[in-house]
Amino acid sequence: VVDTIVGVDFSGREISPVRLKSFYEQIKIDRHQNPESTPDIVVHIGENFNDISLESAIRRVHQSALFGAKRLAHCIVLGLDPSIAIKRQQSTHEHESVEERLDQIQYDLDHSQSLAGFGIYVDKDALIKEKSNLDGIKNKDQLVYRAYSIERLQEVKKRQDFVLSELSRLDKIIEICPTSNLCIGGIPTLKDHSFIKLYASDVPIVICTDDPGIFDQTLSDEIDFVISEFGISEQD
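Residues numbered from 1 in each chain as written. Predicted model: local features only at pLDDT ≥ 70, side-chain atom pairs only at ≥ 80, totals over all residues. Heavy atoms only, no water.

**What to know about the nonpolar core**
Ranked by size, the top nonpolar core spans 50 residues in total, and within it Val61, Leu72, Leu78 and Leu167 carry the most contacts. Apart from the residues lying within four places of it in its own chain, the contact partners of Leu78 are Ile58, Val61, Gln160, Val163, Leu164, Leu167, Lys197 and Leu198. (Core = buried A, V, L, I, M, F, W, Y, C linked by side-chain atoms within 4.5 Å. Buried < 20%, exposed > 50% of the residue type's maximum accessible area, 1.4 Å probe, protein only. Contact = heavy atoms within 4.5 Å.)

**Quick word on the pairing of strand β2 (residues 40-45)**
One face of the sheet, then the other: side chains in a regular strand alternate in exactly this way. Among the 6 residues that make up β2, 5 are buried, leaving the element largely enclosed by the rest of the structure. Taken together, the 4 bridges between β2 and strand β3 (residues 71-74) define a ladder with parallel strand orientation. If you follow Val42 over to β3, its bridge partner there is Arg71. Where the polypeptide runs from β2 across helix α2 (residues 54-67) and back to β3, its parallel neighbour, the crossover connection is right-handed. (Helix = DSSP H or I, 4+ residues; strand = E, 2+ residues; numbered from the N terminus. Pairing = 2+ DSSP bridges. Right-handed = clockwise from strand over helix to strand, strands pointing away.)

**Observations concerning the pairing of β3**
Relative to strand β6 (residues 173-176), β3 runs parallel, the two sharing 3 bridges. Residue pairing for β6: Ala73 is matched across the bridge by Glu175.

**As for the side chain of Gln104**
Relative to the assigned elements, Gln104 resides in helix α5 (residues 98-110). Using a relative accessible area of 1% as the deciding quantity, one classes Gln104 as buried. Here Ser56 takes part through its backbone nitrogen, which lies 3.5 Å from a polar atom of the side chain of Gln104. Residue contacts for Gln104: discarding those within four places in its chain leaves Glu55, Ser56, Arg59 and Arg159. (Polar contact = N/O pair within 3.5 Å; in protein donor to acceptor, adjacent residues only side chain to side chain.)

**What about the packing of aromatic side chains?**
What the rule picks out here adds up to 6 aromatic pairs. Consider the rings of Phe195 and Phe230, whose centres lie 5.1 Å apart with planes at 15 degrees: the pair is stacked. Within this pair, whereas Phe195 is found in helix α10 (residues 194-200), its partner Phe230 is found in helix α11 (residues 219-230), the two being separated by 35 residues in sequence. Here Phe195 matches Phe230 in class, with each residue buried. Ring centres of Phe225 and Phe230 lie 5.9 Å apart, and the angle between their planes is 85 degrees; on these two criteria the pair is classed as edge-to-face. Taken together through their ring pairs, the aromatic side chains of Phe195, Tyr199, Phe225 and Phe230 make up a single cluster. One residue, Arg152, lies across the ring of Tyr148, its end atom 3.6 Å from the ring centre. (Phe/Tyr/Trp six-rings, centres within 6.5 Å; stacked < 30°, edge-to-face > 60°. Lys NZ or Arg CZ within 6 Å of the ring centre and 35° of its normal.)

If you want it as structure tokens, here you go:
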């Protein structure tokens, strides 16, 4: 008997989970009614995120898991050091749309207690005031600027740890494409590779290949790569 895993794979341009919430809700209804024939959801997330803040990119991974995605592909944003991430492009992650910032504010308000457990302080009064101001802007594509400080980057690391803990609690799986992530993710050196932190976490991971039309890498190649470059034994 061969078990077949059927999944719907979202790829290409990353879409905010908030925009897909009605889709995830329909999948939940279908799964309740037809548990044996409803596909799992695989979502490419936290791979291409230069147009949003690091906090929003991390949030998107968590929301995808909360809304129902079973397997999360790439998740570079959870493993890449924030101080490295912001240097990949000039001024990257310092601007995001009003819509994205509002999503982040609501998320922080909703999860303030859980975030506090990881040492992340959420100033509710300040966020509610900011939300009121942003709600008054008609063009939700307008960009909001927020510079990164050392303290903010330290908090981003805590947000990474929080979401990795959540993925473990929710029994999610991260799919990692080591070679592709190195090329597409703008990771400057192997010692900065997101694989290192993700592998050390409690979240189950699988090693995958990526688009065969672009990357001429077999699964064996990827496994040999992580063994040789990250000091992982064949047994592990």
